[in-house]
Structures are given as structure tokens and as C-alpha cells.
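Per-entry structural report
Residues per chain, in single letters:
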Amino acid sequence: QVQLVESGGGLVQAGDSLRLSCAASGRTSSYFMGWFRQAPGKYREFVAAISRSGGNTFPADSVKGRFTISRDNAKNTMYLQMNSLKPEDTAVYYCAGSLQEYTGRYFDGNEYDYWGQGTQVTVSS
């Protein structure tokens, strides 16, 4: 069973950037992966997903043009580069891995088999 560990969260000001990392105990090349977030009192929200090879990415409309998902399978690590952060981006960010080669429902958390513990991102105005 793979373990996922997020890092890179923190407190920043609006307009700043952060890069989150998700390190896997196993081979990330075996997993279709994604990022989700959950703000206090809100449902978990899809942020972005990436194919096993990294050749295809699927960002949510709310982050398109600001966030970039990527992966380095040689390092068993996935990343989320977040630019032009807004207060509404404040949430706990989770990485997730799916055993499926690809899922058209990549925005649905139920499609993922493994989850990290989350990392807090707080954006002040």
C-alpha cells in the first residue's frame, strides 16, 4: 500500500506563490494522481489531476491559469505550483492516487484509492 505525504503549505499573502509536494512511498508512475482541497465548512473540492506519465493534466476551472500540476516519477513526487494565490484558495490540500490508468471522473474523490494527510494553505488578504 502506498503512502502519500504532502508538504509545502503555509501562510502567504494574496498574490504570492507556493509549491506543494506529494511524496509517495511507492512508484508514482503506477498511479493516476490528483490534488483536492477542503476549506472549513465546505465540501472537498477537486483542484487538478495528472496522468501517469504526466503528459496530460486536468485543472479545475477555478485554478486554471494559476495552478500547475506536475510530477517527477523518478523522484516519486507530484507537485502543485500555485501562483497568484487568493484568500479563497485557503484550505487543506490533499494529494490522492488512483490505481486506475485513467478515469474520466478524475474530479470525483471516490475514484482515488490513496490519500495523504493534507497540508494547510492559508492566504491572507
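Along each chain, the written sequence defines residue order, and numbers are assigned to residues from 1. Under the rules for a predicted model, residues below a pLDDT of 70 receive no local features and side-chain atom pairs below 80 are neither given nor counted, while totals for whole chains, interfaces and linings still include all residues. To get the side-chain values, all heavy atoms of the structure are used, and hydrogens and water are removed first.

**Details of the state of the cysteines**
- Pairs of cysteine sulfur atoms within 2.5 Å are identified as disulfides in what follows. In the structure shown here, the tally under the stated rule is one disulfide.
- Across the disulfide from C22 sits C95; the S-S distance is 2.1 Å. The chirality of the disulfide connecting C22 with C95 is right-handed, given an S-S dihedral of about 60°. Pair noted here: C22 is in strand 3 (residues 18–24) and C95 is in strand 9 (residues 91–98), with a separation of 73 residues, a long-range link.
- Only protein chains enter the accessibility calculation, which uses a 1.4 Å probe; a residue whose area is less than 20% of its type maximum is buried, one above 50% is exposed, and one in between is partly exposed. The buried category is assigned to C95, whose relative accessible area is 0%. Note on conventions: DSSP H or I runs of at least 4 residues are helices, E runs of at least 2 residues are strands, and numbering of each starts at the N terminus.

**Some details on the pairing of strand 7 (residues 67–72)**
- Taking every second residue as pointing to the same face, the buried face of strand 7 carries F67, I69 and R71, while none of T68, S70 and D72 on the other face is buried.
- Two strands qualify as a pair provided that DSSP identifies no fewer than 2 bridges between them. In terms of strand pairing, strand 7 meets strand 8 (residues 77–82) through six bridges, oriented antiparallel. Considered in strand 8, the bridge of S70 is made with Y79.
- The antiparallel hairpin formed by strand 7 and strand 8 contains four residues in its connecting segment, where N76 sits at a positive phi of about 55°.

**Overview of the pairing of strand 4 (residues 32–38)**
- Most of strand 4 is tucked away: six of the seven residues are buried.
- As judged from the seven bridges shared by strand 4 and strand 9, these two strands associate in the antiparallel manner. Bridge pairing links G34 to A96 in strand 9.
- The sheet contact formed by strand 4 and strand 5 (residues 45–50) spans five bridges and is antiparallel. Bridge pairing links W35 to A48 in strand 5.
- Between strand 4 and strand 5, which pair antiparallel one after the other, the connecting turn spans six residues, and G41 there sits at a positive phi close to 75°.

**So, the pattern of salt bridges**
- Throughout this description, the term salt bridge denotes a Lys or Arg side-chain nitrogen within 4 Å of a carboxyl oxygen of Asp or Glu. Per the counting criterion, the structure on display carries five salt bridges.
- With a shortest N-O distance of 2.8 Å, R37 and E45 are connected by a salt bridge.
- Overall, R37 belongs to the buried group, its relative accessible area being 5%.
- Take E45: its relative accessible area is 31%, and that puts it in the partly exposed class.
- Two residues, D89 and R66, come together in a salt bridge whose shortest N-O distance is 2.7 Å. Linking D89 in the loop between strand 8 and strand 9 with R66 in the loop between strand 6 (57–59) and strand 7, this pair joins segments that are 23 residues apart in sequence.
- Here the salt bridges do not stand alone but share partners, grouping R37, E45, R66 and D89 into one network.

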